[in-house]
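So the chains spell out like this:
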Amino acid sequence: MLTYFQATVIGVVQGVTELFPISSLGHSVLIAAWVGGDWQKLVSSGESPTGTPYLAFVVALHVATALALLGYYWRTWCSIVVGLVTTLRTGRLDTVAQRLALLIVIATIPVGILGPLLEHPLHALFAAPICASIFLVLNGIVLLIGEGLRRRNEPTLAEYGRRFARQQTRTTVLTLEAPPPRPSDRKLAALDLRDAIGIGFAQAGALLTGFSRAGLTMVGGLWRGLENDHAAKFAFLLATPAILGAGILEVPELTGPETIGIRGPILLGAIASGLSSWLAVRFLERYFQTRTLLPFALYCIAAGLLSIAHFS
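Everything numeric here is computed off the predicted structure, so don't read it as measured data.

1. Quick word on helix H14 (residues 294–311)
End to end, H14 covers 26 Å across 18 residues, agreeing with the expected 26 Å (1.5 Å per residue, within 8%). Among the residues of H14, Phe296, Ala297, Cys300, Ile301, Ala303, Gly304 and Ser307 are the ones counted as buried.

Below, the structure written as structure tokens:
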């Protein structure tokens, strides 16, 4: 049975690690394996793709994280929704909001197709602690590569700057009116469709246990010439529909008979996940204005190697 204490701890860990580039799923597997006992039984019972209380709990945590992201970026999401609606009505891409909406739709397609097909089989195949440990090390290496890409792409930022200047900053005045775009949104809108597709496939790599959704998406953004803070914002925006969509598809698990008796802990865990996600995105948005992925890369490599030594 899931206790209130377990639900709170797991909720906080999931909320933080979902947005920190260190893999939420990998940490849920490894922390439970390190602690052992009832904690390990929880995760093991959740490896089955359907009909488990732990799966319902994880669904609630993901929905809470997605709602926290929607709340934190609500102004940006209002602009994106208005941009999408006006694009569908007019067929034009005249504003930052319209371009950003199209980029998010395009970048969500890879995980939208691959997620339902591969998520549960891959999680079941690589849910062993040793596999999660290996992929955590690989995640750290990918983050190091991303920092190298950022330094390599620094000369190309001038070209992106010229592209930013060419973006229309006026709002679309139709039935709806989008809020004025922020500077970071104008920079993200300078990405093209190839950039969006590449970043979308990078995000899909997080289907492997131990790889971070936020980390891989950020590396994809750095690869396409974004700076750390803009790559982080695009990663958080792109994660929102992916996490929320996956959670909504699994919502029936929350109302099934398996959750009878543990709905209180599930609710508490979801609240803890939502609050920790809110604090995490607030911290990271400021952190990446002046700092890099390097500390997270070193942590993943160290934690992964230590776990490999422990579980091998």
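The rest of the description comes next.
2. Points about the packing of helix H6 (residues 96–125) against helix H12 (residues 228–249)
At a minimum axis separation of 10 Å, H6 and H12 run at an interaxial angle of 60 degrees. In terms of orientation, H6 and H12 fall into the oblique class. Handedness of the crossing formed by H6 with H12: right-handed. Here H6 contributes Leu100, Ile104, Ala107, Thr108 and Val111 to the contact with H12, which in turn contributes Phe234, Leu237, Leu238, Pro241 and Ala242. Broken down by class, the residue content of the contact of H6 with H12 amounts to 9 nonpolar, 1 polar and no charged.

3. Focus: the pattern of salt bridges
Per the stated rule, a full pass over the model turns up 4 salt bridges. Notably, a salt bridge pairs Glu18 with Arg213, separated by 3.2 Å at the nearest N-O pair. Of this pair, Glu18 sits in helix H1 (residues 4–19) while Arg213 is found in helix H11 (residues 213–223), placing the two residues 195 residues apart along the sequence. The exposure class assigned to Arg213 is buried, which follows from its relative accessible area of 18%. For Arg194, the salt bridge is made with Asp192, and the minimal N-O distance between the two is 3.4 Å. Under the relative-accessibility criterion, Arg194 is labelled exposed at 65%.

4. A short note on the packing of aromatic side chains
One pass over the full model with this rule turns up 10 aromatic pairs. On the numbers, 5.0 Å between centres and 85 degrees between planes, the contact of Tyr72 with Tyr73 is edge-to-face. Between the aromatic rings of Tyr72 and Trp278, the centroid separation amounts to 5.4 Å while the plane-to-plane angle is 80 degrees, which identifies the pairing as edge-to-face. Placement of the pair is Tyr72 in helix H4 (residues 53–72) and Trp278 in helix H13 (residues 263–287), with a sequence separation of 206 residues. Connected via pairs of aromatic rings, a cluster forms that spans Phe20, Phe283, Tyr287, Phe288 and Phe296.

What counts and how
- Residues numbered from 1 in each chain as written.
- Predicted model: local features only at pLDDT ≥ 70, side-chain atom pairs only at ≥ 80, totals over all residues.
- Heavy atoms only, no water.
- Helix = DSSP H or I, 4+ residues; strand = E, 2+ residues; numbered from the N terminus.
- Expected span 1.5 Å × (residues − 1).
- Buried < 20%, exposed > 50% of the residue type's maximum accessible area, 1.4 Å probe, protein only.
- Axes fitted to C-alpha atoms, helices over the stretch in contact; angles between N-to-C directions.
- Parallel < 35°, antiparallel > 145°, perpendicular 65-115°, else oblique.
- Left-handed = near helix turned anticlockwise from the far one by under 90°.
- Contact = heavy atoms within 4.5 Å.
- Nonpolar A, V, L, I, M, F, W, Y, C, P; charged D, E, K, R; others polar.
- Salt bridge = Lys/Arg side-chain N within 4 Å of Asp/Glu carboxyl O.
- Phe/Tyr/Trp six-rings, centres within 6.5 Å; stacked < 30°, edge-to-face > 60°.

These figures capture arrangement, not role.
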